[in-house]
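Listed below, chain by chain, are the residues.
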Amino acid sequence: MSRHLPSLGGLRAFEATARCQSFVAAADELGVTAGAVSQQVKALEARLGLALFERRPQALVLTPAGRDYAPALKAAFDAIETATRRLVPPTHRIRLACAVPASFATCWLLPRLARFEAAHPEIELAILNASRRADPGLDGADAAIRQGRAGWREPACVYLFNEALVPVASPAHAAATDPQAGPADGATLLQAETTPALWAAWSAAHDRPLAPRRRLTLADDGLVIQAALNGIGVALVDRHLVESALREGKLVLLDDRPAWRPGTAWYLVHGERTPPLTAFAQWLLQESAGPMP
(Lines give C-alpha, C1' and ligand atoms only; values in the text may rest on other atoms or scores of the structure.)
Protein backbone atom coordinates (compact mmCIF):
# COMPACT_ATOMS: atom_id res chain seq x y z
CA MET A 1 0.00 0.00 0.00
CA SER A 2 1.41 3.36 -1.01
CA ARG A 3 1.65 5.95 1.77
CA HIS A 4 0.92 9.55 0.86
CA LEU A 5 3.25 11.27 3.32
CA PRO A 6 5.21 14.53 3.23
CA SER A 7 8.99 14.33 3.20
CA LEU A 8 10.58 12.96 6.35
CA GLY A 9 12.98 15.91 6.45
CA GLY A 10 10.12 18.40 6.51
CA LEU A 11 8.31 16.48 9.22
CA ARG A 12 11.44 16.31 11.39
CA ALA A 13 12.11 20.02 10.86
CA PHE A 14 8.58 20.98 11.86
CA GLU A 15 8.45 18.66 14.89
CA ALA A 16 11.78 19.94 16.23
CA THR A 17 10.84 23.60 15.59
CA ALA A 18 7.44 23.18 17.26
CA ARG A 19 9.09 21.57 20.30
CA CYS A 20 11.99 24.07 20.52
CA GLN A 21 9.90 27.08 19.41
CA SER A 22 12.85 28.30 17.37
CA PHE A 23 14.41 27.59 13.97
CA VAL A 24 17.85 28.18 15.50
CA ALA A 25 17.35 25.70 18.35
CA ALA A 26 15.83 23.13 16.00
CA ALA A 27 18.78 23.55 13.62
CA ASP A 28 21.24 22.94 16.46
CA GLU A 29 19.37 19.77 17.40
CA LEU A 30 19.23 18.49 13.81
CA GLY A 31 22.78 19.48 12.94
CA VAL A 32 21.84 21.77 10.03
CA THR A 33 21.46 25.52 9.51
CA ALA A 34 18.47 27.55 10.67
CA GLY A 35 17.87 28.54 7.06
CA ALA A 36 17.63 24.90 6.03
CA VAL A 37 15.10 24.19 8.78
CA SER A 38 13.03 27.21 7.76
CA GLN A 39 13.00 26.10 4.11
CA GLN A 40 11.99 22.54 5.05
CA VAL A 41 9.09 23.84 7.13
CA LYS A 42 7.99 26.13 4.30
CA ALA A 43 8.10 23.19 1.89
CA LEU A 44 5.98 21.12 4.29
CA GLU A 45 3.45 23.94 4.60
CA ALA A 46 3.28 24.17 0.79
CA ARG A 47 2.80 20.39 0.55
CA LEU A 48 -0.02 20.49 3.11
CA GLY A 49 -1.55 23.67 1.72
CA LEU A 50 -1.78 25.41 5.10
CA ALA A 51 0.31 27.39 7.56
CA LEU A 52 1.75 25.61 10.60
CA PHE A 53 3.40 28.66 12.15
CA GLU A 54 2.50 32.30 12.53
CA ARG A 55 5.82 34.09 11.97
CA ARG A 56 6.03 37.14 14.23
CA PRO A 57 9.02 39.53 14.48
CA GLN A 58 10.33 38.04 17.73
CA ALA A 59 8.59 34.67 17.92
CA LEU A 60 7.18 31.64 16.17
CA VAL A 61 3.62 30.78 17.16
CA LEU A 62 1.89 27.56 16.18
CA THR A 63 -1.34 27.96 14.25
CA PRO A 64 -4.34 25.81 15.26
CA ALA A 65 -3.31 23.33 12.55
CA GLY A 66 0.26 23.32 13.87
CA ARG A 67 -0.90 22.74 17.45
CA ASP A 68 -2.94 19.77 16.27
CA TYR A 69 -0.16 18.31 14.08
CA ALA A 70 2.85 18.67 16.40
CA PRO A 71 1.82 16.23 19.20
CA ALA A 72 0.95 13.53 16.68
CA LEU A 73 4.33 13.86 14.98
CA LYS A 74 6.17 13.84 18.31
CA ALA A 75 4.38 10.64 19.32
CA ALA A 76 5.22 9.07 15.96
CA PHE A 77 8.92 9.98 16.17
CA ASP A 78 9.06 8.80 19.79
CA ALA A 79 7.60 5.45 18.73
CA ILE A 80 10.11 5.11 15.89
CA GLU A 81 12.97 5.99 18.24
CA THR A 82 11.82 3.47 20.86
CA ALA A 83 11.44 0.72 18.29
CA THR A 84 14.86 1.48 16.85
CA ARG A 85 16.51 1.28 20.26
CA ARG A 86 15.01 -2.17 20.81
CA LEU A 87 16.81 -3.32 17.68
CA VAL A 88 20.25 -2.10 18.82
CA PRO A 89 21.99 -4.97 20.68
CA PRO A 90 24.16 -4.00 23.66
CA THR A 91 27.22 -5.26 21.77
CA HIS A 92 26.62 -2.57 19.14
CA ARG A 93 26.67 0.40 21.47
CA ILE A 94 28.35 3.51 20.07
CA ARG A 95 31.14 4.95 22.18
CA LEU A 96 31.16 8.64 23.01
CA ALA A 97 34.05 10.04 25.05
CA CYS A 98 33.74 13.32 26.94
CA ALA A 99 36.54 14.96 28.96
CA VAL A 100 35.05 16.43 32.13
CA PRO A 101 36.59 18.27 35.11
CA ALA A 102 36.45 16.05 38.18
CA SER A 103 34.35 18.48 40.21
CA PHE A 104 31.71 18.80 37.48
CA ALA A 105 31.66 15.05 36.89
CA THR A 106 31.32 14.14 40.58
CA CYS A 107 28.94 16.86 41.73
CA TRP A 108 26.75 17.58 38.70
CA LEU A 109 27.05 14.97 35.95
CA LEU A 110 27.15 11.64 37.82
CA PRO A 111 24.00 12.26 39.90
CA ARG A 112 22.10 12.65 36.61
CA LEU A 113 23.87 10.09 34.45
CA ALA A 114 21.42 7.23 35.05
CA ARG A 115 18.80 9.24 33.17
CA PHE A 116 21.06 9.50 30.13
CA GLU A 117 21.82 5.75 30.25
CA ALA A 118 18.09 4.99 30.41
CA ALA A 119 17.26 7.35 27.55
CA HIS A 120 20.18 6.29 25.32
CA PRO A 121 21.15 2.63 25.91
CA GLU A 122 22.73 2.59 22.45
CA ILE A 123 25.47 5.03 23.56
CA GLU A 124 28.43 3.91 25.63
CA LEU A 125 29.51 7.08 27.39
CA ALA A 126 33.12 7.33 28.57
CA ILE A 127 33.85 10.11 31.08
CA LEU A 128 37.52 11.04 30.83
CA ASN A 129 39.61 13.27 33.05
CA ALA A 130 39.85 16.79 31.65
CA SER A 131 43.30 18.32 31.30
CA ARG A 132 44.23 21.28 33.47
CA ARG A 133 46.21 22.90 30.65
CA ALA A 134 45.13 26.41 29.63
CA ASP A 135 44.20 25.24 26.10
CA PRO A 136 43.51 21.54 26.46
CA GLY A 137 41.78 20.90 23.15
CA LEU A 138 39.44 17.95 23.52
CA ASP A 139 41.94 15.82 25.44
CA GLY A 140 41.60 13.08 22.83
CA ALA A 141 37.82 12.88 23.41
CA ASP A 142 34.82 13.60 21.18
CA ALA A 143 33.79 16.50 23.39
CA ALA A 144 34.70 18.27 26.61
CA ILE A 145 33.02 20.17 29.40
CA ARG A 146 34.68 23.56 29.92
CA GLN A 147 34.43 26.27 32.53
CA GLY A 148 35.18 29.82 31.46
CA ARG A 149 34.15 32.58 29.08
CA ALA A 150 34.06 30.59 25.81
CA GLY A 151 36.22 31.60 22.85
CA TRP A 152 37.97 28.24 22.54
CA ARG A 153 39.42 26.97 19.28
CA GLU A 154 36.86 24.18 18.81
CA PRO A 155 34.26 24.93 16.10
CA ALA A 156 31.23 24.34 18.34
CA CYS A 157 30.43 25.51 21.86
CA VAL A 158 27.13 24.76 23.62
CA TYR A 159 26.25 26.97 26.60
CA LEU A 160 24.94 25.04 29.63
CA PHE A 161 24.61 27.47 32.54
CA ASN A 162 26.31 30.39 34.30
CA GLU A 163 28.42 29.89 37.38
CA ALA A 164 26.73 31.13 40.56
CA LEU A 165 29.31 31.25 43.35
CA VAL A 166 28.38 30.99 47.03
CA PRO A 167 30.45 30.70 50.25
CA VAL A 168 29.71 27.41 52.03
CA ALA A 169 31.00 25.41 54.99
CA SER A 170 30.05 22.38 57.02
CA PRO A 171 27.33 22.91 59.67
CA ALA A 172 29.87 22.31 62.45
CA HIS A 173 32.28 24.87 61.01
CA ALA A 174 29.50 27.42 60.56
CA ALA A 175 28.27 26.89 64.13
CA ALA A 176 31.73 27.63 65.50
CA THR A 177 32.02 31.02 63.76
CA ASP A 178 30.71 34.44 64.76
CA PRO A 179 27.36 34.95 62.95
CA GLN A 180 28.06 38.71 62.80
CA ALA A 181 31.38 38.20 61.02
CA GLY A 182 31.85 37.88 57.28
CA PRO A 183 32.10 34.40 55.72
CA ALA A 184 35.88 34.70 55.41
CA ASP A 185 36.64 36.42 58.72
CA GLY A 186 38.91 34.32 60.90
CA ALA A 187 38.34 31.25 58.75
CA THR A 188 40.49 28.97 56.63
CA LEU A 189 39.82 29.97 53.04
CA LEU A 190 39.75 27.01 50.71
CA GLN A 191 40.86 27.82 47.18
CA ALA A 192 41.62 25.87 44.02
CA GLU A 193 45.08 26.05 42.49
CA THR A 194 43.45 26.92 39.17
CA THR A 195 41.60 29.98 40.56
CA PRO A 196 43.82 31.55 43.24
CA ALA A 197 42.29 35.03 42.82
CA LEU A 198 38.66 33.95 43.21
CA TRP A 199 38.24 35.02 46.82
CA ALA A 200 39.84 38.40 46.10
CA ALA A 201 37.42 38.95 43.20
CA TRP A 202 34.46 38.00 45.41
CA SER A 203 35.71 40.43 48.08
CA ALA A 204 35.98 43.26 45.57
CA ALA A 205 32.54 42.55 44.11
CA HIS A 206 30.95 42.70 47.56
CA ASP A 207 33.14 45.53 48.91
CA ARG A 208 34.01 43.32 51.86
CA PRO A 209 37.68 42.98 52.93
CA LEU A 210 38.99 39.51 53.61
CA ALA A 211 40.36 38.69 57.06
CA PRO A 212 41.04 34.95 56.96
CA ARG A 213 42.99 33.03 59.54
CA ARG A 214 44.86 31.23 56.78
CA ARG A 215 44.46 29.83 53.28
CA LEU A 216 44.56 26.27 52.02
CA THR A 217 45.22 25.74 48.31
CA LEU A 218 44.00 22.52 46.74
CA ALA A 219 44.37 21.06 43.27
CA ASP A 220 40.82 21.67 42.00
CA ASP A 221 37.24 22.54 42.93
CA GLY A 222 36.43 18.93 43.72
CA LEU A 223 38.99 18.87 46.54
CA VAL A 224 37.83 22.30 47.70
CA ILE A 225 34.28 20.99 48.06
CA GLN A 226 35.47 17.85 49.83
CA ALA A 227 37.55 19.93 52.26
CA ALA A 228 34.49 22.03 53.07
CA LEU A 229 32.45 18.86 53.65
CA ASN A 230 35.16 17.69 56.05
CA GLY A 231 34.90 20.91 58.08
CA ILE A 232 38.34 22.21 57.17
CA GLY A 233 37.29 25.67 56.05
CA VAL A 234 35.11 27.90 53.88
CA ALA A 235 34.73 27.26 50.14
CA LEU A 236 33.60 29.62 47.40
CA VAL A 237 32.06 27.34 44.79
CA ASP A 238 29.43 27.13 42.08
CA ARG A 239 26.08 26.45 43.72
CA HIS A 240 25.19 24.01 40.93
CA LEU A 241 27.95 21.73 42.21
CA VAL A 242 26.88 21.74 45.87
CA GLU A 243 23.09 21.93 45.64
CA SER A 244 22.64 18.33 46.78
CA ALA A 245 24.97 18.86 49.75
CA LEU A 246 23.07 22.02 50.71
CA ARG A 247 19.71 20.31 50.45
CA GLU A 248 20.91 17.36 52.53
CA GLY A 249 22.40 19.64 55.20
CA LYS A 250 25.98 18.54 54.60
CA LEU A 251 26.91 22.14 53.73
CA VAL A 252 25.33 25.46 54.68
CA LEU A 253 25.35 28.88 53.04
CA LEU A 254 27.34 31.55 54.86
CA ASP A 255 25.87 34.52 53.04
CA ASP A 256 22.18 35.29 52.48
CA ARG A 257 22.84 37.52 49.48
CA PRO A 258 22.21 36.25 45.93
CA ALA A 259 24.93 34.09 44.44
CA TRP A 260 27.79 36.00 42.85
CA ARG A 261 27.98 35.60 39.07
CA PRO A 262 31.52 36.35 37.88
CA GLY A 263 30.62 36.09 34.19
CA THR A 264 31.91 32.56 33.66
CA ALA A 265 29.83 29.58 32.61
CA TRP A 266 29.90 25.87 31.84
CA TYR A 267 29.98 24.77 28.21
CA LEU A 268 30.10 21.64 26.09
CA VAL A 269 32.69 22.04 23.33
CA HIS A 270 33.14 19.61 20.49
CA GLY A 271 34.41 19.10 16.99
CA GLU A 272 32.46 17.06 14.44
CA ARG A 273 28.82 16.61 15.45
CA THR A 274 27.74 12.96 15.32
CA PRO A 275 24.35 11.44 16.28
CA PRO A 276 25.64 10.29 19.71
CA LEU A 277 27.12 13.72 20.36
CA THR A 278 23.87 15.39 19.32
CA ALA A 279 21.95 13.15 21.72
CA PHE A 280 24.36 13.95 24.57
CA ALA A 281 24.22 17.71 23.87
CA GLN A 282 20.42 17.68 23.82
CA TRP A 283 20.32 15.75 27.09
CA LEU A 284 22.77 18.15 28.75
CA LEU A 285 20.62 21.10 27.67
CA GLN A 286 17.50 19.45 29.09
CA GLU A 287 19.24 18.71 32.40
CA SER A 288 20.68 22.24 32.56
CA ALA A 289 17.21 23.72 32.23
CA GLY A 290 15.70 21.38 34.82
CA PRO A 291 15.81 21.38 38.60
CA MET A 292 19.05 20.72 40.43
CA PRO A 293 19.38 17.13 41.61
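Residues numbered from 1 in each chain as written. Predicted model: local features only at pLDDT ≥ 70, side-chain atom pairs only at ≥ 80, totals over all residues. Heavy atoms only, no water.

**Here we look at the sheet that holds strand S6 (residues 156-162)**
Convention followed: Strands are treated as partners if at least two bridges between them are detected by DSSP. Only DSSP runs of H or I covering at least 4 residues are called helices, and only runs of E covering at least 2 are called strands; the numbering of each starts at the N terminus. Interaxial angles span 0 to 180 degrees and are taken between N-to-C directions of axes, which are lines fitted to C-alpha atoms, for helices over the stretch in contact. Contacts: residue pairs with any heavy atoms within 4.5 Å of one another.
Taking strand neighbours across the sheet as the criterion, the 5 strands line up as S4-S3-S5-S12-S6 in an open arrangement whose pairing is mixed. Only two strands of the sheet have a single neighbouring strand rather than two, namely strand S4 (123-129) and S6. Pairs of neighbouring strands in the sheet enclose a mean axial angle of 25°, with direction left out of account. Sheet topology places S6 next to strand S12 (residues 265-270); 6 bridges connect them, and they run antiparallel. Bridging across to S12, Cys-157 finds its partner in Val-269. Lying on the sheet, helix H11 (residues 275-289) is in contact with strand S3 (94-100), S4, strand S5 (143-148), S6 and S12; it crosses S6 at an angle near 20°.

**Examining the packing of helix H2 (residues 23-30) against helix H3 (residues 34-48)**
In plain terms, the rule: For classification purposes, an angle smaller than 35 degrees is called roughly parallel, one larger than 145 roughly antiparallel, one from 65 to 115 roughly perpendicular, and anything else oblique. Note on residue categories: nonpolar means Ala, Val, Leu, Ile, Met, Phe, Trp, Tyr, Cys or Pro, charged means Asp, Glu, Lys or Arg, and polar means any other residue, Gly included.
Put simply, H2 and H3 touch, their axes get as near as 8 Å, and they point 105° apart. It follows that H2 is roughly perpendicular to H3 by the angle criterion. Contact residues: Phe-23, Val-24, Ala-26, Ala-27 and Leu-30 in H2; Ala-34, Val-37, Ser-38 and Val-41 in H3. Taken together, the residues of the contact of H2 with H3 sort by class into 8 nonpolar, 1 polar and no charged.

**A look at the pattern of salt bridges**
Operational definition: Put simply, a salt bridge is a Lys or Arg side-chain nitrogen that is within 4 Å of an Asp or Glu carboxyl oxygen. Burial classification: accessible surface area is computed with a 1.4 Å probe over protein chains only, and a residue below 20% of its type maximum counts as buried, one above 50% as exposed, and the rest as partly exposed.
Counted under the stated rule, the structure contains 9 salt bridges. In this structure, Arg-239 engages Glu-243 in a salt bridge whose closest nitrogen and oxygen atoms are separated by 2.7 Å. One end of the pair is Arg-239 and the other is Glu-243, both in helix H10 (residues 239-247) and 4 residues apart, which spans about a single turn. The class of Glu-243 is buried, set by a relative accessible area of 13%. Salt bridges here are not isolated pairs; linked through shared partners, they connect Arg-112, Arg-115 and Glu-287.

**Focus on the pairing of strand S2 (residues 59-62)**
By the bridge criterion, 4 bridges tie strand S1 (residues 53-56) to S2 in an arrangement that is antiparallel. Counted as the bridge partner of Glu-54 is Val-61 from S2.

**Quick look at helix H9 (residues 221-229)**
Inclusion rule: Throughout, the arc means the angular range of directions from the helix axis out to the C-beta atoms. Think of a polar contact as two N or O atoms within 3.5 Å of one another; within protein, one of them needs to be a possible hydrogen donor and the other a possible acceptor, and neighboring residues in sequence only count if both atoms come from side chains.
Buried within H9 we find Asp-221, Val-224, Ile-225, Ala-227 and Ala-228. Axial view of H9: buried residues confined to an arc of 160°, hence all on one face. The N-capping residue of H9, defined by a side-chain oxygen 3.0 Å from the backbone nitrogen of Gly-222, is Asp-220. Phi turns positive, to about 80°, at Gly-231, one or two residues after H9.

**A few points about the pairing of S12**
In terms of burial, S12 is a largely internal element, 6 of the 6 residues being buried. Relative to S12, S5 runs antiparallel, the two sharing 6 bridges. In the strand pairing of S12, Ala-143 is matched with His-270.

**Describing helix H4 (residues 64-87)**
Our working rule: Under the convention used throughout, the expected extent of a helix is 1.5 Å for every residue step, that is, one less than its residue count.
Helix length check: H4, at 24 residues, gives a terminal C-alpha distance of 36 Å against a target of 34 Å (1.5 Å per residue), a fit within 8%. Buried residues in H4 make contact with helix H1 (8-20) and S2.

**Some words on the layout of surface pockets**
To keep it simple, the criterion reads: Grid points spaced at 1 Å over the protein atoms alone were grouped into cavities, where a 1.4 Å probe fits but cannot get out, and pockets, open sets with protein on both sides within 12 Å along at least five of seven lines, with lining residues defined by an atom within 4 Å of a point. Grid points are joined across faces, edges and corners, and a volume is the space filled by probe spheres set on the points.
For the largest pocket, the calculated volume is near 1,100 Å³. Along its surface, the largest pocket is lined by 28 residues, and Arg-12, Glu-81, Arg-85, His-120 and Gln-282 are the ones closest to its centre. Only H1, H2, H4 and H11 provide two or more residues apiece to the lining of the largest pocket.

**Overview of the sheet that holds strand S9 (residues 214-218)**
The sheet built from 5 strands is open, its strands ordered S9-S8-S10-S7-S11 with mixed pairing. In the strand order of this sheet, the two ends are held by S9 and strand S11 (252-253), each with one partner. Of the strand pairs in this sheet, strand S7 (residues 165-169) and S11 are connected by 2 bridges, and their pairing is antiparallel. Its bridge partner lying in S11, Val-168 is registered against Leu-253. Helix-sheet contacts for helix H8 (residues 198-206) involve S7, strand S8 (188-192), S9 and strand S10 (234-238), and the interaxial angle to S10 is about 85°. Packed on one face of the sheet, H9 meets S7, S8, S9 and S10 and runs near 155° to S8.

**Focus: the packing of aromatic side chains**
Short version of the rule: For Phe, Tyr and Trp, rings pair up if their centres lie within 6.5 Å, where Trp contributes its six-membered ring, and each pair is then called stacked (planes under 30 degrees apart), edge-to-face (over 60) or tilted (otherwise).
If you walk through the whole model with that rule in mind, you get 12 aromatic pairs. Look at Phe-14 and Tyr-69: their rings are 5.8 Å apart centre to centre, the planes differ by 25°, and that puts the pair in the stacked class. One end of the pair, Phe-14, is in helix H1; the other, Tyr-69, is in helix H4, and 55 residues separate them in sequence. With 6.3 Å between their ring centres and 75° between their planes, Phe-23 and Phe-53 make a pair best called edge-to-face. With Phe-23 in helix H2 and Phe-53 in strand S1, the pair connects residues that are 30 residues apart, well separated along the chain. Chaining the aromatic ring pairs together yields one cluster made of Phe-14, Phe-23, Phe-53 and Tyr-69.

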